[in-house]
Amino acid sequence: MKVLVTGGAGFIGSHFVRTMPDAEVTVLDALTYAGDRANIEGVPHEFVHGDLCDAELLGKVVPGHDIVFHFAAESHVDRSIAGAQNFVRTNVLGTQTLLQACLEAEIPKVVQVSTDEVYGTIETGSWTEDEPLAPRSPYAATKASADLIALAYHTTYGLPVSITRCGNNYGPYQFPEKVIPLFITNLLEGKKVPLYGDGGNVRDWIHADDHCRAIRLVGQVGEPGEIYHVAGTAELTNNELTQHLLDAMGADWSSVEHVADRKGHDRRYSLDDSKLRALGYAPQTSFADGLAQTVRWYSDNPSWWKSKR
Ligand code: NAD
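Being a predicted model, the structure only gives us computed values, none of them experimental.

A. Here's a closer look at the side chain of T142. When you line up the elements, T142 lands in helix α5 (residues 138-157). Judged by its relative accessible area of 4%, T142 falls in the buried class. A polar contact of 3.0 Å, which involves the side chain of T142, links it to the side chain of N91. Non-local contacts of T142, meaning those with residues more than four positions away in its chain, are made with F87, V88, N91 and V92.

What follows is the structure, given as structure tokens:
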């Protein structure tokens, strides 16, 4: 089985590559600030250093694979607020360039890895896969655009692409700009942690390994043209998340600095994942175990994150 993983040197993509021991894996990654070959050191794979938007390169790399898992993206909402152009280029143009290469190479299965953020924000209840898209940040708008292009390639050309949409991931190897590794590494260095607004924003957390398990399943049995939600295992306000992190690090609220809220900050995301569960998926990592493992990993691997801060 020949598998192409775009963005395989990033956070979730590298978890995915580490958990594909039986496949012949090619990783295509531009190694932006978020990509690091050290994340997949010692894991068998062929590495191609290149840009998703490079159609000529994709025309050479993509053919011959049995399945393409598309993780590569600009992924940090705050960076998209500071400047959206790279997000449009990689997430929209890059995705279209990849889909076109997959179409020309007649790839039998493509999985587009997406996010709950495409739906905007929801006060109560949970979204199902037929919820209309209403993205509110530039990041979310580019992911929604990529999903629409993927669906259009399915409808128009019959490209066998499925989409996964997941909540907030955590785990080892996450770039220390995202809230969990940012807070852990700040606390490890004796610094304060910045908490946005009133801390009441709600996110549904999932360990990256569970997310990858779901993506693999969709790769195996997901229907082309269909979307599958991957819900988390712990719906928490940022205040509750902060309390968990302070407890895990032996710190208290004197280490918390309240900062101005993120612009356009979505209040709550929540996914109904019954459709995926009907395929046999269930998460395996409790938030308590996953967070303890994650804290241990950052404590044990300062050389990985210190160079990224
Ligand atoms: P990440 O930022 O850690 O990694 C992204 C990877 O893509 C990096 O290795 C980077 O070098 C590579 N990349 C960026 N631009 C590229 C380009 N033009 N060409 C080739 N490679 C390029 O991201 P992540 O958190 O691992 O997210 C992976 C995917 O999962 C993304 O598509 C993201 O939207 C999606 N997702 C993430 C989360 C989350 O909580 N992190 C939740 C749901 C969905």
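B. Here's a closer look at the sheet that holds strand β7 (residues 168-170). With respect to topology, three strands assemble into an open sheet ordered β7-β9-β11, the strand pairing being mixed. Strand pairing shows two members of the sheet lacking a second neighbour, β7 and β11 (234-237), which therefore form its edges. In this sheet, adjacent strand axes meet at a mean angle of 40° when their direction is disregarded. Where β7 and strand β9 (residues 202-207) come together, three bridges link them in parallel fashion. By the bridge assignment for β9, N169 is matched with I206. Of the strands in this sheet, β7 and β9 touch helix α7 (residues 208-221), which is tilted by about 75° from β9.

C. Quick peek at the site of the ligand. If you check the shell around the ligand, you find 28 residues, and the closest are I12, D29, S75, Y139 and K143. D29 places a polar side-chain atom, nitrogen or oxygen, 2.5 Å from an oxygen atom of the ligand. Taken by itself the ligand offers 830 Å² of open surface, and the protein chains cover 96% of this. Of all the secondary structure elements, the ones that give two or more residues to the shell around the ligand are α1 (11-18), β5 (110-115), α5 and β7. Of the residues forming the shell around the ligand, the biggest block, three residues, is contributed by β5. Of the residues assigned to the shell around the ligand, the class counts are 13 nonpolar, twelve polar and three charged.

D. Looking closely at the environment of D266. Looking at where D266 falls in the secondary structure, it is placed in the loop between β12 (256-259) and α9 (274-277). Residues D266 and H211, spaced 55 residues apart in sequence, show a C-alpha to C-alpha distance of 22 Å. Ignoring sequence-local partners within four residues, the contact set of D266 consists of G120, T121, R136, N201 and R203.

E. Layout of the pattern of salt bridges. Considering all chains together, one arrives at 15 salt bridges under this definition. Between K275 and E226 there is a salt bridge whose closest N-O contact spans 2.7 Å. Of this pair, K275 sits in helix α9 while E226 sits in the loop between α7 and β10 (227-230), and the two are 49 residues apart along the sequence. Exposure remark for K275: the relative accessible area of 28% places this residue in the partly exposed category. Residue D273 pairs with R277 through a salt bridge whose shortest N-O separation is 3.0 Å.

F. Structural context of unusual backbone geometry. Its identity as a non-glycine residue notwithstanding, L31 has a phi of 50°, on the positive side. Locating L31 in the fold gives a position in the loop between β2 (24-29) and β3 (46-49). According to the relative accessible area criterion, L31 is partly exposed, its value standing at 28%.

G. Structural context of helix α6 (residues 179-188). With respect to burial, α6 is a largely interior element, seven of its ten residues being buried. Within α6, the full set of buried residues consists of I180, P181, F183, I184, T185, N186 and L187. Tucked into the core, α6 has its buried residues touching β7, β8 (193-196), β9, α8 (238-249), α10 (287-300) and α11 (302-306). In the segment just after α6, G190 is the residue with positive phi, at about 75°.

H. The arrangement of the packing of aromatic side chains in detail. Enumeration according to the criterion identifies 13 aromatic pairs in this entry. Relative to F175, the ring of Y33 lies with its centre 4.9 Å away and its plane at 90°, an arrangement referred to as edge-to-face. You can see Y33 sitting in the loop between β2 and β3 and its partner F175 sitting in the loop between β7 and α6, a full 142 residues away along the chain. Look at F175 and you get buried, because its relative accessible area is 11%.

The rules behind the values
Residues numbered from 1 in each chain as written. Predicted model: local features only at pLDDT ≥ 70, side-chain atom pairs only at ≥ 80, totals over all residues. Heavy atoms only, no water. Helix = DSSP H or I, 4+ residues; strand = E, 2+ residues; numbered from the N terminus. Buried < 20%, exposed > 50% of the residue type's maximum accessible area, 1.4 Å probe, protein only. Polar contact = N/O pair within 3.5 Å; in protein donor to acceptor, adjacent residues only side chain to side chain. Contact = heavy atoms within 4.5 Å. Pairing = 2+ DSSP bridges. Axes fitted to C-alpha atoms, helices over the stretch in contact; angles between N-to-C directions. Near = heavy atom within 4 Å. Areas by Shrake-Rupley, 256 points an atom, 1.4 Å probe, with all protein chains shown as cover. Nonpolar A, V, L, I, M, F, W, Y, C, P; charged D, E, K, R; others polar. Salt bridge = Lys/Arg side-chain N within 4 Å of Asp/Glu carboxyl O. Phe/Tyr/Trp six-rings, centres within 6.5 Å; stacked < 30°, edge-to-face > 60°.

Shape descriptors only; they carry no functional weight alone.
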